[in-house]
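Here's the letter readout for the chains.
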Amino acid sequence: MLAKGNVKVTDLLHATPPAIPEGSHAMTQLVELPPADPGLAPHRHSGPVFGYVTEGKIFFELEGEEPREIVAGEAFWEPGGDVVHYQVSNPDPGSWARFVAVCICAPGVEMITMLEPEEILARDHLRHPSARQHQG
C-alpha cells in the first residue's frame, strides 16, 4: 500500500500478462449483470483482461481453473488469446453485479469471440475437473 498525504493506493492484483502486440489498444468497460443472470456464453478475448468487481459478486471460470466467486472489492484477470472464458455470471437472485474490465485488444482481432458448440465440446477436457460437462 502506498500512502501520501490523503491519497491511499492499495494493490489489488499482481499479474504478468503475455506479451502485448504492437498496435494493440485498450478498452475500459462497465459490465452490469442483472440478478441471477447467466452472463455470456463461452468466449475468448484477443488480449488480456483485468477486472474489478464494484458491486455484488460474479461467478467466474477460466479454462483450466476451478470456477470461483469474486466479490465486490476483489480484482481478477485473464490472459486472453487462446484461453477460454467459460463463465461470468451473477449467482445472486436478489441484486445486480457490476464490474469494470480493462481489455487489451490485439490489432485486427475482435475483442471478444464467442465459441461454437463444437469447440466448447472439443475443449471440455481442458476445463477444471469440477467444471467439465462431458465424460471422456
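Check the entry above for the structure.
Every value quoted in this text rests on a predicted model; they were computed, and no experiment measured them.

Enquirer: Would you explain the overall build of the chain in this entry?
Expert: Of the regular secondary structure elements, the chain holds one helix and 11 strands. Looking at the chain as a whole, 30% of its 136 residues are labelled buried. In the chain, the share of contacts with a sequence separation of at least 24, taken over all contacts with a separation of at least 6, comes to 75%. For the chain, the exposed surface amounts to about 8,100 Å²; the carbon and sulfur share of it is 56%. Averaging the positions of the 9 positive and the 19 negative side-chain charges in the chain gives two centres separated by 7 Å.

Enquirer: Any chance you could explain the state of the cysteines here in plain terms?
Expert: Defined simply, a disulfide is a covalent bond joining two cysteines at their sulfur atoms. Throughout the structure, instances matching the rule amount to zero disulfides. Unpaired in this structure, Cys103 has its nearest cysteine sulfur neighbour in Cys105, at a distance of 5.7 Å. In this structure Cys103 comes out as buried when scored by relative accessible area, which is 1%. Owing to a relative accessible area of 1%, Cys105 belongs among the buried residues under this scheme.

Enquirer: What am I meant to see in the pairing of strand β8 (residues 75-78) here?
Expert: For a regular strand, the rule is simple: side chains alternate between the two faces of the sheet. Residues Phe76 and Glu78 of β8 are buried on one face, while the alternating residues Ala75 and Trp77, pointing to the opposite face, are not. As defined by bridge partners, strand β5 (residues 49-55) adjoins β8 across four bridges and the pair is classed as antiparallel. The residue bridging Phe50 from the neighbouring strand is Trp77, located in β8.

Enquirer: Quick question: what am I supposed to make of the nonpolar core here?
Expert: In terms of nonpolar packing, the biggest core is built from 15 residues, with Val53, Ile58, Phe60, Ile70, Phe76, Phe99 and Cys103 touching the most fellow members. Contributing elements (two or more residues each) for this core: β5, β6 (57-62) and β10 (97-105).

Enquirer: What should I look at first to understand the sheet that holds β8 in this one?
Expert: Strand pairing in a sheet takes place through backbone hydrogen bonds and is either antiparallel or parallel in direction. Taken in spatial order, the four strands of this open sheet run β3-β10-β5-β8, and their pairing is antiparallel. Edge positions in the open sheet fall to β3 (25-33) and β8, since each of these has one partner strand only. Across this sheet, the average inter-strand angle for adjacent strands is 20 degrees, counted without regard to direction.

Enquirer: Where do I start with a nonpolar patch on the surface in this structure?
Expert: Together, Leu12, Leu13 and Tyr52 make up a nonpolar patch on the protein surface, roughly 250 Å² of accessible area in all. Secondary-structure assignment places Tyr52 in strand β5. Overall, Tyr52 belongs to the partly exposed group, its relative accessible area being 31%.

Reading guide: rules and limits
- What you see as residue numbers is a count from 1 along each chain, following the sequence as written.
- Per-residue local features are limited, in this predicted model, to residues with pLDDT of at least 70; the limit for side-chain atom pairs, both in listing and counting, is 80 or more; totals at the level of whole chains, interfaces and linings are taken over all residues.
- Note that the side-chain values use all heavy atoms of the structure and ignore hydrogens as well as water.
- Where helices and strands are cited, they refer to DSSP runs of H or I of at least four residues and of E of at least two residues respectively, numbered from the N terminus.
- Buried, partly exposed and exposed residues are distinguished by accessible area as a fraction of the type maximum, computed with a 1.4 Å probe on protein chains only: under 20%, between the cut-offs, and over 50%, respectively.
- Whether two residues are in contact is decided by their heavy atoms, any of which lying within 4.5 Å being enough.
- Computed with a 1.4 Å probe, the accessible areas rest on the Shrake-Rupley method; for each residue, only the protein chains presented here act as cover.
- Charge assignment: positive for Lys and Arg, negative for Asp and Glu; neither His nor the chain ends contribute.
- Positions of charges follow a simple convention, taking NZ of Lys, CZ of Arg, CG of Asp or CD of Glu.
- We call a pair of cysteine sulfur atoms a disulfide when they lie within 2.5 Å.
- Any two strands are treated as partners once DSSP identifies two or more bridges connecting them.
- Only buried Ala, Val, Leu, Ile, Met, Phe, Trp, Tyr and Cys residues count toward a nonpolar core, and they belong to the same one when joined by side-chain atoms within 4.5 Å.
- Between the N-to-C directions of two axes lies an angle of 0 to 180 degrees, each axis being a line fitted to C-alpha atoms and, for a helix, fitted only over the stretch in contact.
- Two distance rules govern patches: like charges are joined within 9 Å, and nonpolar side chains (Val, Leu, Ile, Met, Phe, Trp, Tyr) within 5 Å, applied only to residues with over 30% relative accessible area and no salt bridge.
- By salt bridge we mean one thing: a side-chain nitrogen of Lys or Arg within 4 Å of a carboxyl oxygen of Asp or Glu.

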